[in-house]
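# Report on the structure
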Amino acid sequence: MRELNATPAVVLGVLGLFSGIFAPFALVTGLNSLRRIRASQGMLTGERSAAFGLMAGLLGTLLLVGGTVYWFAASA
Amino acid sequence: MVRGERLTALRGLPVALVLLILSLFSYPGAEVLSLVIKLSPPARSVEKPSGPLPWLHVAHQKGHTPFIADDRGRLVLLHGAIPGGLIDFWSGTDQSKLSPPPYYPVDSSAYENRCPANSATIRVPPLCQNDLVEMAGLGFNSVRLPLSWSLLEPRRGEFSSAYVERVAQVVGWARANGLYVILDMHQNAYSRYVGRALDPPLGGERPGLHDYTGAPAWATNTNGLPSETFLGQREVNPAVFAASTNFWYNVGGIQSEYIRALAFLARRFRDDSSVAGYSIFNEPWPGFNLPPGFEDLLLFPFYRRVIDALTGVHDGLACPTNLFMPAVCGFPDLGVRDRQHLFFLDTGLVREVTDFPTHLGLPISSYPNLVLGIHAYTHKYTFDALAKLPPSTYPFGGYDQSYDLAEREARTLGAALFVAEFGAETSEDQQLVAAQLEEQEKHRAGFAFWTWKENCGTGRSWGIYAGVYGDGGGRCAYEQKVPDTSSKPQNGCLRGAREALLARPYPRVAPSDDFSYSYTPATGAFRLSGRAAPRNAPLELFIPRQVTGAVSGGVAVTHPDGSRTVTLSARGAYAVTISPAPLRLTSCKA
């Protein structure tokens, strides 16, 4: 059975790459989904989707934080 | 690594690959490229001899907002107006005729020592030699000259040399009057070829085509969506949404074609120092895209491509130019090698409504001569005005909000700040126009006033001069029950309130950006104070003939038309004042 948050993690991950505001949500959703899948001992699927959400979310969040820091530093 | 671990790693490969490809098309790619640009050394200028007006550039000093500077490094303020005579406006009396030919002659010989007849069947009068003389008479030192892609490239791949020579004619008149020219690739609501639904199927309003300019018919792809307006806004039109989106996504290679058209224009003016630079795209409308992605992933990368193509700097990646070009894509060098002019970059149109940044300010080019152009319409087109709410509702920071944030935006982009457009109804002069001018002084930003002359408007015309129906307003012939198509004078009166506000003393060049100044049109009083580093070049304060008060500080020279230039070789602290005195306004004889 597919883990419920695996697909939302992909969607949020893609959105997070185009608009950083979604990235932290992708990060959390992907992480939770991956934990549940790992803990299910093969009962739940969707590992790749969850991993994508996690990675895209992490990347988007890092860029969001970095971009915000840049904005304040460069515009001061 | 044991076999099982290796297999697990390989299973992760497609995920990483998809992520990498998506990143190239989205923020991660755009941000990495911006970082590379930020860390790259600025592209070098190619030194060329100046004409009568010195070359301008953008000066970058650590801890300061970049500013427009002359060849001696002095800060330059540009004051000017925006004449619409070279825009390809719709014309006629019957708006069901969708594609009338250009109204005014394109051939420059039609304007040699004469001016074609004016008519209220088109929104603006022809632009003639007298206009540039009159602009100089108001103390302007620049003109933002709007052009239309539909006249520059009427058929795909065929660029109009006649139109470019017409532009050159106006540039020549401007040069003779000491005015810089900003060549502005103008558009509003994409194109006058978006069509007009006579019986709007979605329940909107029939658009007035006189409000639509820009792209030629061959570059206007509306995907069959109806052209009808909503909320009373010309851009809120399904056909405009579609056509704009197709441009940003380079559908059919039209964005690439636009860049080639700009290169054709730039080839003619690359050695001309009286051209300040190019305004790449006026009031960009996002279409179906939302900010900030619109600016950061579509608009600003498009600006980078134009700069890549015209200057020969290679900031973006090499990509096919006939397909959608993601944010990381640059554009091939089109051989113009224009490394002296400024590039004026308009923010997306939504910023005009929000007075708030709609982008992240990612550096877009290593070419250093960038100018951020804002369109300042606080309380005119901001949320409060569009929703008919009291002005106290928004912006929360009043007029300061837009300018304070614009300075920040300019710093993050590494660009100077310029007010590429502002204006209002004549009844709003003392509120909106006066407040904007005050902000511009506070932020040492030059301006271009919309608009110079207009025949008629939907209310009153917005021109510095009254329209052809006098100062009381008047509808254009196409909006009259019985259209008046008779020959008209070029304009009505020079509007006194506008002359008083816009013909103002200002430092045309200042030793550095360390100064402040303010002018009070009600009294004619002016003060300027600043601090110059030793060995700095002199300050030049221009006082138009309308301002008559006595000057203290500096050496004043009076010109034949009554205007004055005060020169002050500053070392350390300096100050110039003009005492209060009645204004000498031009009497109206129209």
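Residues numbered from 1 in each chain as written. Chains lettered and ligands numbered in written order. Predicted model: local features only at pLDDT ≥ 70, side-chain atom pairs only at ≥ 80, totals over all residues.

### Considerations on the overall build of chain A
- When its secondary structure is counted, chain A shows 3 helices and 0 strands.
- Each helix and strand of chain A, placed in order from N terminus to C terminus, yields the pattern α-α-α.
- A principal-axis box enclosing the C-alpha atoms of chain A has dimensions of 50 × 20 × 15 Å.
- Each of the 76 residues in chain A was classed as buried or not, and the buried ones make up 49%.
- Put simply, of all contacts in chain A between residues at least 6 apart along the chain, 67% involve residues at least 24 apart. (Helix = DSSP H or I, 4+ residues; strand = E, 2+ residues; numbered from the N terminus. Buried ≥ 20, exposed ≤ 12 C-beta atoms within 10 Å, placed from the backbone. Contact = placed C-beta atoms within 7 Å.)

### Describing the pairing of strand β12 (residues 446-449) of chain B
Residues and elements named next belong to chain B.
- Side-chain alternation along β12 places G446 and A448 on one buried face and F447 and F449 on a second face that is also buried.
- Summarising the sheet, strand β4 (residues 79-81) and β12 pair through 3 bridges and their orientation is parallel. Looking across to β12, one finds that G80 is bridged to A448.
- Examined bridge by bridge, strand β11 (residues 416-422) and β12 share 3 bridges and lie parallel to one another. Residue pairing for β12: F418 is matched across the bridge by G446.
- Following the backbone out of β11, through helix α13 (residues 429-442) and into the adjacent parallel β12, one traces a crossover that is right-handed. (Pairing = 2+ DSSP bridges. Right-handed = clockwise from strand over helix to strand, strands pointing away.)

### So, the interface of chain B and chain A
- In this complex, chain B contributes 16 residues to the contact, which on the side of chain A involves 16 residues.
- Looking at the side of chain B that touches chain A, the elements with two or more residues in it are α2 (13-24), α3 (27-39) and α12 (398-413) of chain B.
- Broken down by class, the residue content of the side of chain B that touches chain A amounts to 7 nonpolar, 6 polar and 3 charged. (Nonpolar A, V, L, I, M, F, W, Y, C, P; charged D, E, K, R; others polar.)

### Quick notes on the packing of helix α8 (residues 254-269) of chain B against helix α9 (residues 293-311) of chain B
All names here are of chain B.
- Where α8 contacts α9, the two axes come as close as 10 Å, and the packing angle between them is 40 degrees. The orientation of α8 relative to α9 falls into the category oblique. Crossing geometry of α8 relative to α9 is assigned as right-handed. Where α8 approaches α9, its residues Q255, I259, L262, A263 and A266 are matched on the opposing element by F302, R305, V306, A309 and L310.
- Counted by class, the contact of α8 with α9 contains 8 nonpolar, 1 polar and 1 charged residues. (Axes fitted to C-alpha atoms, helices over the stretch in contact; angles between N-to-C directions. Parallel < 35°, antiparallel > 145°, perpendicular 65-115°, else oblique. Left-handed = near helix turned anticlockwise from the far one by under 90°.)

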